[in-house]
Amino acid sequence: MSRVSLDPSADRSLTDQLADMLRSEINSGEREQGSQLPSEREFEQDYGISRTVVRDALDELVLEGIVVKRKGYGSFVREQPPVRRISSNSRHDVHRNSGKPVFDAEADMQGRVPSRRILGVERGPVPADVASWLGCSSGDQAVIRRRLQLLDDRPAVLSTSYYPLWLAADTDLESPDALKVGPDATIENLGHQFSWGTEVFRARMPTPHERRLLKLDPGVPVVRMFHIDYDPDSRPLQVADDLYAADQHEFAFLWSEPEGGSK
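These figures come from a predicted structure and were not determined experimentally.

Quick notes on the rules
Residues numbered from 1 in each chain as written. Predicted model: local features only at pLDDT ≥ 70, side-chain atom pairs only at ≥ 80, totals over all residues. Heavy atoms only, no water. Helix = DSSP H or I, 4+ residues; strand = E, 2+ residues; numbered from the N terminus. Buried < 20%, exposed > 50% of the residue type's maximum accessible area, 1.4 Å probe, protein only. Contact = heavy atoms within 4.5 Å. Axes fitted to C-alpha atoms, helices over the stretch in contact; angles between N-to-C directions. Parallel < 35°, antiparallel > 145°, perpendicular 65-115°, else oblique. Left-handed = near helix turned anticlockwise from the far one by under 90°. Expected span 1.5 Å × (residues − 1). Phe/Tyr/Trp six-rings, centres within 6.5 Å; stacked < 30°, edge-to-face > 60°. 1 Å grid on protein atoms, 1.4 Å probe; cavity = no way out; pocket = protein on both sides within 12 Å on 5 of 7 lines; lining within 4 Å. Points joined across faces, edges and corners; volume = space filled by probe spheres on them. Nonpolar A, V, L, I, M, F, W, Y, C, P; charged D, E, K, R; others polar. Salt bridge = Lys/Arg side-chain N within 4 Å of Asp/Glu carboxyl O. Polar contact = N/O pair within 3.5 Å; in protein donor to acceptor, adjacent residues only side chain to side chain. Pairing = 2+ DSSP bridges.

A. Expanded view of the environment of Val-54. With respect to the helices and strands, the residue Val-54 is situated in helix α3 (residues 51-64). Residue classification places Val-54 among the buried residues on the basis of a relative accessible area of 0%. Taking the C-alpha atoms as reference points, Val-54 and Asp-16, separated by 38 residues in sequence, lie 10.0 Å from one another. Look past the residues within four positions of Val-54 in its chain and what remains in contact with it is Leu-18, Glu-40, Phe-43, Glu-44 and Ile-49.

Structure (structure tokens):
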């Protein structure tokens with residue numbers, strides 16, 4: 001690996017120079033995902049810098065989410081094999097063609113192993129930020145399904161779905177078990193039709209509770225996505241409040257012109 005000299009007389013601090021060097025080597029692929037970085041002692045000897053400089057530079061990259069520290073093992077380039085979540089006019093075709101939940105089908109197509117853990121199924125009050133999407137008042141009752149979705153046994157998405165009682169009461173959507181065909185197919189099997197939908201994204205840092213559930217390393221943000229499906233009468237069929245570990249996902253949006261193209 002090429003050696004870049006650090007210049008103590010430069011305007012930028014040695015910490016920033018070391019962080020810049022490592023960032024460049026990681027982004028270029030010179031240091032591969034999952035590879036171990038030199039020890040603090042090795043950095044100290046190779047570059048003639050103090051361990052304080054090394055620690056500060058590594059801490060900077062940890063906060064950026066591109067380096068992880070493993071207690072007792074050292075520092076590593078973060079592995080970032082993202083699963084691509086695709087939004088398009090034909091999104092519901094994924095579960096229809098595969099017979100699996102969309103999350104599972106997309107993971108399978110990308111060589112990942114999906115699984116989930118049910119955190120709770122209940123009738124409960126709808127929070128205010130969900131009520132506006134579900135077309136009800138804050139505190140109204142709905143069927144709520146909470147689950148932790150995993151990729152290769154690693155937590156990836158914290159999912160909470162809300163279903164209006166007129167649709168979900170006394171149906172499989174209240175089952176305490178995982179829905180083998182997923183909620184979308186379950187809704188269609190109940191005789192309802194998806195007509196259109198919307199998705200709203202916001203990135204933020206996780207709460208301590210979310211960080212524990214998703215087992216996030218320091219510096220990893222989450223992406224919160226509201227996904228709302230409507231029937232032909234514009235009644236909300238479900239509101240999915242999904243919290244994605246940002247280092248495990250990327251989001252793609254496909255679109256097409258209406259038949260006949262633009263006028």
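Moving on from the model shown.
B. A look at the packing of helix α1 (residues 14-28) against α3. Where α1 contacts α3, the two axes come as close as 8 Å, and the packing angle between them is 50°. Viewed along their axes, α1 and α3 adopt a mutual orientation that is oblique. Considering only the axes of α1 and α3, their crossing is right-handed. In this structure, α1 uses Leu-14, Thr-15, Asp-16, Leu-18, Ala-19, Leu-22 and Arg-23 to contact α3, whose residues at the interface are Val-53, Val-54, Asp-56, Ala-57, Leu-58, Glu-60, Leu-61 and Glu-64.

C. Broad picture of α3. If you check α3, its first and last C-alpha atoms are 20 Å apart, about what 14 residues at 1.5 Å a residue would give, namely 20 Å. Those residues of α3 not exposed but buried are Val-53, Val-54, Ala-57, Leu-58, Leu-61 and Val-62. In this fold, the buried residues of α3 make contact with α1, α2 (40-47), β1 (67-70) and β2 (74-77). Within two residues after α3, Gly-65 carries a phi angle of roughly 85°, on the positive side.

D. Up close: the packing of aromatic side chains. Enumeration according to the criterion identifies five aromatic pairs in this entry. Ring centres 4.0 Å apart and planes at 10° place the aromatic pair Trp-196 and Tyr-230 in the stacked group. In this pair, Trp-196 is assigned in strand β7 (residues 196-204) and Tyr-230 in strand β8 (residues 222-230), connecting sequence segments 34 residues apart. Consider the rings of Phe-201 and Phe-251, whose centres lie 5.2 Å apart with planes at 65°: the pair is edge-to-face.

E. Layout of empty space enclosed by the protein. Applying the stated criterion to the full structure yields one cavity of 30 Å³ or more. Taken as a whole, the largest cavity spans an internal volume of roughly 450 Å³. If you trace the largest cavity, you find 35 residues lining it, with Val-102, Phe-103, Arg-147, Gln-149 and Asp-242 closest to the centre. Sorting the residues of the lining of the largest cavity by element identifies β3 (83-87), α5 (102-109), β4 (114-125), β5 (141-151), β6 (154-164), α8 (182-189), β8 and β9 (236-245) as the ones contributing at least two each. Along the lines of polarity and charge, the residues of the lining of the largest cavity split into 16 nonpolar, nine polar and 10 charged.

F. Structural detail: the pattern of salt bridges. All told, the structure shown has 25 salt bridges when counted by the stated rule. Among the salt bridges present, the one from Asp-217 reaches Arg-78, with a minimum N-O distance of 3.2 Å. Of this pair, Asp-217 sits in the loop between α9 (208-214) and β8 while Arg-78 sits in the loop between β2 and β3, and the two are 139 residues apart along the sequence. When sorted by exposure, Asp-217 lands in the same class as Arg-78, which is buried. Across the salt bridge formed by Arg-84 and Glu-250, the nearest N and O atoms sit 2.8 Å from each other. Placement of the pair is Arg-84 in strand β3 and Glu-250 in strand β10 (residues 249-253), with a sequence separation of 166 residues. On the accessibility criterion, Arg-84 (40% relative accessible area) is partly exposed. The network of salt bridges with common partners includes Arg-12, Asp-20, Arg-23, Glu-60 and Glu-64.

G. Region of the structure containing the side chain of Glu-210. Its place among the elements puts Glu-210 in helix α9. In this structure the side chain of Glu-210 is engaged in a polar contact, spanning 2.9 Å, whose partner is the side chain of Arg-204. Those residues in contact with Glu-210, other than ones at most four positions away along the chain, are Leu-158, Arg-204 and Leu-243.

H. A look at the pairing of β9. Extensive coverage of β9 is indicated by the burial of 10 of its 10 residues. With six bridges joining them, β6 and β9 adopt antiparallel strand pairing. Within β9, the residue paired with Val-157 across the bridge is Tyr-244. When β8 meets β9, the two strands line up antiparallel, connected through nine bridges. Within β9, the position partnered with Asp-229 by the bridge is Gln-238. Hairpin connection of β8 to β9: five residues between the antiparallel strands, including Ser-234 at a positive phi of 65°.

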